[in-house]
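# Tertiary structure, described
Each chain is listed here by its residues.
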Amino acid sequence: MRGISGNKLLAKALKEEGVDILFGYPGACTIDIGDEISRLNYTRIVLPRHEQALAHAADAYARSTGRVGVCIVTSGPGATNLVTGLATANYDSVPMVCFTGQVASHLIGNDAFQEVDIVGITRNITKYGVTVRRREDLGRIIKEAFYIARTGRPGPVLIDLPKDVMAELGSSEYPSTVNIRGYKPSTGVHIGQLKRAIKMLHKAKRPLFLAGGGVNIARANMVFTELIERTQVPVVTTIMGKGAISTDHPYYIGNLGMHGAYASNMAVNNCDLLFSIGTRFNDRITGKLHSFAPKAQIVHIDIDTAAISRNVQVDVPIVADAKEAIEKMLEYVEPCNTKKWLDSVNNWKIQHPLAMRPGDEMNPRDIIEALNREFEEVIFVTDVGQNQMFATQYLELNEKKRMLTSGGLGTMGYGFPGAIGAQIGNPGTPVIAISGDGGMQMNIQEFATAVLEELPLILCVFNNAFLGMVRQWQKLFYGKRYAMTNLRSGALSWETEGKEYPEYTPDFVKLAESYGAKGIRVTKKEEIVDALREARNNRKAPTLIEFVLNPEDIVYPMIQPGGTLEDMIMDC
């Protein structure tokens, strides 16, 4: 029996794994793979205009659906263009399987045309990476890749496919089971540790839950809400954890950290027990480590053993899946006596609410509050920068309103292609991208993808003519020297009084229209709602709404670089 080629086995494996959406960009080393996948006529291939955008689209598809995102690119520059997307997914624990073409085995190491050691390049930003050296290993490696990507702490897996290995004939069998020596993801919960943590929770006078992205990744939102309501303990979230509990819930305080709410940061500073679930305690939420939660004992539940006590030393470590741990907690927890503590938290919220300066001029909060009112069910996908911070401060999230964002790596250019992936994975749900004018231009070529796929995306571009977050730091800490941030001037120009600048380029409205999309420009508060409704009614193509904003709009509160959670700048 001659068997089948590796290319054909890969196509079969995708079908066996239920991969009905593949984000792919072709090249010499993957042309045969694409041919076999197309012949099978099961997997829909989405063709982007850049491999980085392809990776972000697969990432957001995975985040929004809970399935593994899958992509394929060719060797050399096709593979290296994946790097930012892989790092983004790795930091945020997104399950992806990425196939890269590779030159024939005998050419590897000879500086062949479009040859790179992509496994070596991405070793530190993937959960696992491997080059298939033998045809007989191909089926097992693919099966293991999907298993590794979605189990334990999810993450991206890269499989490098030499062209000659994929052309070789071999068995048509695709494994049905996985047995990887040395990889046994933690299952279950250590009951003794959990009971110890619960005992501390009941004894605490000022307990506080901290929910990270792990709660959302585990789809534990409903049981987490039940836990909060049963214990009557307030909760703060990281940016990635926002949405773990409805933002209008009476026990929800807000985000903590560099741009967190005043009440959230004060709650962390004053709690006597910080019960954290699914967070890495990165520097954006802790500030100075020695002064983080200074009065508290810390419980840390995380599926990744390496994340526990890496940044913040904890008192009770629990290695477990967030949902499994919370479900087990619900068997033991009782209401806590938190009335005085809740009164203190609510007083902080009343004294220092999230706010922007009132005025007649349109600001980011006006836009986001209109989005909150106009959409009852929606997936928001943010870019990175001030637009992201405003969104994470003011968006209302619940079981019908979700948010996807690049939290760990902070990847500009994520918003637009991420929205494409989310819309493809959720065709019946409105998807709205929120980006700045800088981030939007990093993957703006994906208009072609969105138009050809007939995706009714709404792209909200916050245009302040600057790279706003860096400009904010320059305004507050660098004497208003706006080097390299003014998008209307030369890279080293500083803004000066009375200086004339060229017209902003590009004209976003005309650019959208040139791709076959709809473009709308909004300059006044009164125009926001009509623009959103017009965009919502455009069902066969994306709509870009350019909101022209004042660059002086700043994200407050803000913690000074190197400061503590108490060192909040509330306004200037």
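Residues numbered from 1 in each chain as written. Predicted model: local features only at pLDDT ≥ 70, side-chain atom pairs only at ≥ 80, totals over all residues. Heavy atoms only, no water.

## Quick look at helix H5 (residues 83-91)
For clarity, the threshold we go by: Accessible area is worked out with a 1.4 Å probe on protein chains only. A residue is then buried under 20% of its type maximum, exposed over 50%, and partly exposed in between. We count a stretch as a helix when DSSP gives it H or I for four or more residues in a row; a strand needs E for two or more, and each element gets its number in order from the N terminus. Any pair of residues with heavy atoms lying within 4.5 Å of one another is described as a contacting pair.
Taken together, the buried positions of H5 are occupied by Gly85, Leu86, Ala87, Thr88, Ala89 and Asn90. If you follow the buried residues of H5, they end up packed against helix H3 (51-65), strand S5 (96-102) and strand S7 (156-162). One or two residues past the end of H5 sits Ser93, with phi positive at roughly 60°.

## Let's talk about the pairing of strand S4 (residues 69-73)
Put simply, the test is: Pairing between two strands is assigned when DSSP locates at least 2 bridges connecting them.
Counting buried positions along S4 gives five out of five residues, so the element sits mostly inside the fold. Burial along S4 is two-sided: Gly69, Cys71 and Val73 and Val70 and Ile72, pointing in opposite directions, are all buried. Bridging between strand S2 (residues 21-24) and S4 involves two bridges; their strand directions are parallel. Counterpart to Gly24 in the pairing with S4 is Ile72. Here S4 runs beside S5; their pairing, made up of five bridges, is parallel. Pairing of Val73 across the sheet is with Thr100, part of S5.

## A word on the sheet that holds S4
Rules: Only C-alpha atoms enter the line fits that serve as axes; for helices the fit covers just the stretch in contact. Angles between N-to-C directions range over 0 to 180 degrees.
Taken in spatial order, the six strands line up as S3-S2-S4-S5-S7-S6 in an open sheet, and their pairing is parallel. Across the chains shown, the open sheet's two edge strands, defined by having one partner strand only, are strand S3 (44-46) and strand S6 (128-131). Strand-to-strand twist across the sheet, computed as the mean angle between neighbouring axes with direction ignored, equals 20°. The pairing of S6 with S7 spans four bridges and is parallel. Paired with Thr131 across the strands is Asp160, a residue of S7. Sheet contacts for H3: S2, S4 and S5; angle to S4, the most-contacted strand, approximately 165°. Against the sheet, H5 touches S5 and S7, its axis set at about 145° to S7.

## Side note on helix H15 (residues 339-351)
The criterion, for reference: Multiplying one less than the number of residues by 1.5 Å gives the expected span of a helix.
In a regular helix each residue adds 1.5 Å, so 13 residues correspond to 18 Å; H15 covers 18 Å between its end C-alpha atoms and thus fits that length. Elements that come into contact with the buried residues of H15 comprise strand S9 (207-211), strand S11 (252-255) and helix H12 (262-270).

## Quick word on the pattern of salt bridges
Stated precisely, the cut-off is as follows: Counted as salt bridges are all cases of a side-chain nitrogen of Lys or Arg within 4 Å of a carboxyl oxygen of Asp or Glu.
In the structure shown here, the tally under the stated rule is 27 salt bridges. Between Arg63 and Asp59 there is a salt bridge, with the nearest N and O atoms lying 2.5 Å from each other. Of this pair, Arg63 and Asp59 are both found in helix H3, four residues apart, which corresponds to roughly one turn of the helix. The burial state of Arg63 is the same as that of Asp59; both residues are buried. Between Glu374 and Arg536 there is a salt bridge whose closest N-O contact spans 3.3 Å. Pair noted here: Glu374 is in helix H16 (residues 364-374) and Arg536 is in helix H23 (residues 528-536), with a separation of 162 residues, a long-range link. Judged by its relative accessible area of 29%, Arg536 is partly exposed. Where salt bridges share partners, they join Arg134, Glu136, Asp137, Arg140 and Glu144 into one cluster.

## Describing the pairing of strand S16 (residues 401-404)
Threshold: The handedness of a crossover follows from its direction of travel: if, with the strands pointing away from the viewer, the path from the first strand over the helix to the second runs clockwise, the crossover is right-handed.
One ladder, built from four bridges, connects strand S15 (residues 378-382) with S16; its direction is parallel. Bridging across to S16, Val381 finds its partner in Leu404. Handedness of the crossover joining S15 and S16 through helix H17 (residues 386-394) is recorded here as right-handed.

## Comments concerning the packing of H16 against H17
Helix packing geometry: the angle between the two helix axes and the distance between the axes. Where we set the bar: Angles below 35 degrees are treated as roughly parallel, those above 145 as roughly antiparallel, those between 65 and 115 as roughly perpendicular, and all remaining angles as oblique. Throughout, a crossing is termed right-handed when the near helix is turned clockwise from the far one, and left-handed when it is turned anticlockwise from it by less than a right angle. Polar here means any residue outside two lists: the nonpolar Ala, Val, Leu, Ile, Met, Phe, Trp, Tyr, Cys and Pro, and the charged Asp, Glu, Lys and Arg; Gly therefore counts as polar.
As a packed pair, H16 and H17 sit with axes 10 Å apart at the nearest point and diverge in direction by 50°. By the angle class used here, H16 and H17 are oblique. Note that H16 runs across H17; the crossing there is right-handed. Only Phe390, Ala391 and Tyr394 of H17 make contact with H16, whose side of the interface consists of Pro364, Arg365, Ile368 and Asn372. Considered class by class, the residues forming the contact of H16 with H17 number five nonpolar, one polar and one charged.

## Some remarks on the nonpolar core
So the rule is basically this: As used here, the term nonpolar core means buried Ala, Val, Leu, Ile, Met, Phe, Trp, Tyr and Cys residues forming a set that is joined through side-chain atoms within 4.5 Å.
Core analysis: the biggest nonpolar cluster contains 50 residues, and Phe23, Met440, Phe447 and Leu457 have the highest contact counts within it. Apart from residues no more than four positions distant in its own chain, Met440 is found in contact with Phe416, Ser435, Phe447, Leu459, Val461, Phe508 and Leu544. In terms of nonpolar packing, the next biggest core, distinct from the first, is built from 38 residues, Leu201, Tyr252, Ile326 and Val333 among them.

## Remarks on the packing of aromatic side chains
Inclusion rule: We call Phe, Tyr and Trp rings a pair once their centres come within 6.5 Å, taking the six-membered ring for Trp, and we label the pair stacked below 30 degrees between planes, edge-to-face above 60, and tilted otherwise. Two conditions define a charge located above a ring, namely a distance within 6 Å from the ring centre to NZ of Lys or CZ of Arg, and an angle within 35 degrees of the ring normal.
Summed over the entire model, instances satisfying the criterion amount to 12 aromatic pairs. Summarising the aromatic geometry, the rings of Phe23 and Tyr61 are spaced 6.0 Å apart at their centres and angled 65° between planes, so their arrangement reads as edge-to-face. In this pair, Phe23 is assigned in strand S2 and Tyr61 in helix H3, connecting sequence segments 38 residues apart. Here Phe23 falls in the buried class, since its relative accessible area comes to 2%. Both rings, one in Phe281 and one in Phe292, keep their centres 5.7 Å apart while their planes meet at 70°; by these two values the pair is edge-to-face. Placement of Phe281 in the loop between strand S12 (273-277) and helix H13 (283-286) and of Phe292 in the loop between H13 and strand S13 (297-302) is noted, with a sequence separation of 11 residues between them. Judged by its relative accessible area of 5%, Phe292 falls in the buried class. Of the aromatic side chains, those joined through ring pairs into one cluster are Phe209, Phe224 and Phe275. Sitting above the plane of the Tyr482 ring, Arg471 keeps its charged end 4.1 Å from the centroid. Note that Arg536 overlies the ring of Phe375, its terminal NZ or CZ placed 5.2 Å from the centroid.

## Points about the state of the cysteines
Quick note on the threshold: Cysteine sulfur pairs qualify as disulfides if the two atoms are within 2.5 Å.
Applying the stated criterion across every chain, the model contains zero disulfides. No disulfide involves Cys71; its nearest neighbouring cysteine sulfur is the one of Cys98, lying 3.2 Å away.

## Comments concerning the packing of H16 against H23
Here H16 crosses H23 at 50°, and the two axes come no closer than 10 Å. Regarding the angle of H16 to H23, the classification is oblique. The hand of the H16/H23 crossing is right-handed. Judged by residue contacts, Asp366, Ile367, Ala370, Leu371, Arg373 and Glu374 of H16 engage Ile528, Val529, Leu532, Arg533 and Arg536 from H23. Considered class by class, the residues forming the contact of H16 with H23 number six nonpolar, no polar and five charged.

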